[in-house]
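Results of the structural survey
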Amino acid sequence: MSSSPAALDGFLNPIESRLSCYGLTNSSPIPDSKIRSIVEFAIKNAPSAFNVQSARAVILLKADHEKLWDIADKHLKAAMPEPAYQALAPRVKMFRAAYGSVLWFEDQDALDALKEKNPAIQASVAEWSHHSSGMHQFIAWTAFELEGLGCNLQHYNFMPQFSAEVASEWKLPESWKLLSQLVFGTPTDGLKRSRERTYLPVEDRVKVFGEK
Ligand SMILES: Cc1cc2nc3c(=O)[nH]c(=O)nc-3n(C[C@H](O)[C@H](O)[C@H](O)COP(=O)(O)O)c2cc1C
């Protein structure tokens, strides 16, 4: 039995309206407990290959969030030529001005155990782990936005020293591999779409065979 059109719209509309939002303040329209429960919901309900449930998340709020972006700034300064650092530093400042970040990890111990149990799929496990992490991130991003939080997705883990300092600062297990940082806060523009999303022609991107 198919769901009602209203139920489907209730699912699809927030997906359509989600956007990357960069102008964020250090406040939240929802309590921290709600932020936590949304992330827990994503961790519990997003699918994973063979139900391995290797996703891990760390929520950093307020001063801890600011510390994260101070760490990013420090490592960016050390890793980049000065002109590149000067170009990126204002972005880091902008992320720091937000309310919080969710750090998304994949537990390599859980993935290694899956590989050991199923040697035939060894070569695919890393790729599937990234697929699954993206699903988790998307659920939280879209749900946050429904609750009035703007979000943008960052990947400062391209610097291994950044990931290492994050792990040591928050005493995280060694097996947790950092994949992304979802920055969130109250949008300075009230979540209005400040730019139009551009779409490539869908008919060039989807093929259907056997449609009635
Ligand atoms: C896998 C992935 C990686 C991304 N990495 C970054 C990033 O490092 N920095 C950033 O500002 N946005 C990043 N984005 C956001 C995209 O640039 C953005 O989603 C895209 O331009 C469409 O805009 P929209 O989010 O407003 O729909 C990423 C998005 C995805 C799905």
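- As annotated in an unreviewed UniProt entry, the protein chain is Nitroreductase domain-containing protein from Exophiala bonariae.
- Recorded in UniProt for the protein chain, the comment headed Sequence similarities (unreviewed entry) runs: "Belongs to the nitroreductase family."

1. Quick look at the pattern of salt bridges
- Counted by the stated rule, this structure contains eight salt bridges.
- We note a salt bridge from Arg56 to Asp107, for which the minimum N-O separation is 3.1 Å. Here Arg56 is found in strand β2 (residues 55-61), whereas its partner Asp107 is found in strand β3 (residues 100-107), with 51 residues between them in sequence.
- Look at Asp107 and you get buried, because its relative accessible area is 9%.
- Across the pair Arg96 and Asp70 runs a salt bridge whose closest N-O atoms are separated by 2.7 Å. Highlighted residues: Arg96 in helix α4 (residues 82-96) and Asp70 in helix α3 (residues 63-79), separated in sequence by 26 residues.
- Each of Glu66, Asp70 and Arg96 takes part in one network of salt bridges that share partners.

2. A few points about the layout of surface pockets
- Roughly 250 Å³ of internal volume is contained in the largest pocket.
- Taken together, 13 residues make up the lining of the largest pocket; nearest its centre are Phe11, Ile139, Thr142, Ala143 and Leu146.
- The set of elements that each furnish at least two residues to the lining of the largest pocket consists of α1 (5-17), α2 (32-45) and α6 (125-146).
- Considering every element that reaches the lining of the largest pocket, the biggest residue donor is α6, with five residues.

3. Thoughts on empty space enclosed by the protein
- Applying the stated criterion across every chain yields a total of one cavity of 30 Å³ or more.
- If you add up the space inside the largest cavity, you get close to 30 Å³.
- What lines the largest cavity is simply Ser48, Ala49, Val52, Ser54, Glu106, Leu111, Leu114, Trp128, Ser129 and Ser132.
- Breaking the lining of the largest cavity down by element, the ones donating at least two residues are α5 (108-117) and α6.
- Along the lines of polarity and charge, the residues of the lining of the largest cavity split into five nonpolar, four polar and one charged.

Cut-off values and rules
Residues numbered from 1 in each chain as written. Predicted model: local features only at pLDDT ≥ 70, side-chain atom pairs only at ≥ 80, totals over all residues. Heavy atoms only, no water. UniProt positions renumbered as here; feature names shortened; annotations may be inferred. Salt bridge = Lys/Arg side-chain N within 4 Å of Asp/Glu carboxyl O. Helix = DSSP H or I, 4+ residues; strand = E, 2+ residues; numbered from the N terminus. Buried < 20%, exposed > 50% of the residue type's maximum accessible area, 1.4 Å probe, protein only. 1 Å grid on protein atoms, 1.4 Å probe; cavity = no way out; pocket = protein on both sides within 12 Å on 5 of 7 lines; lining within 4 Å. Points joined across faces, edges and corners; volume = space filled by probe spheres on them. Nonpolar A, V, L, I, M, F, W, Y, C, P; charged D, E, K, R; others polar.

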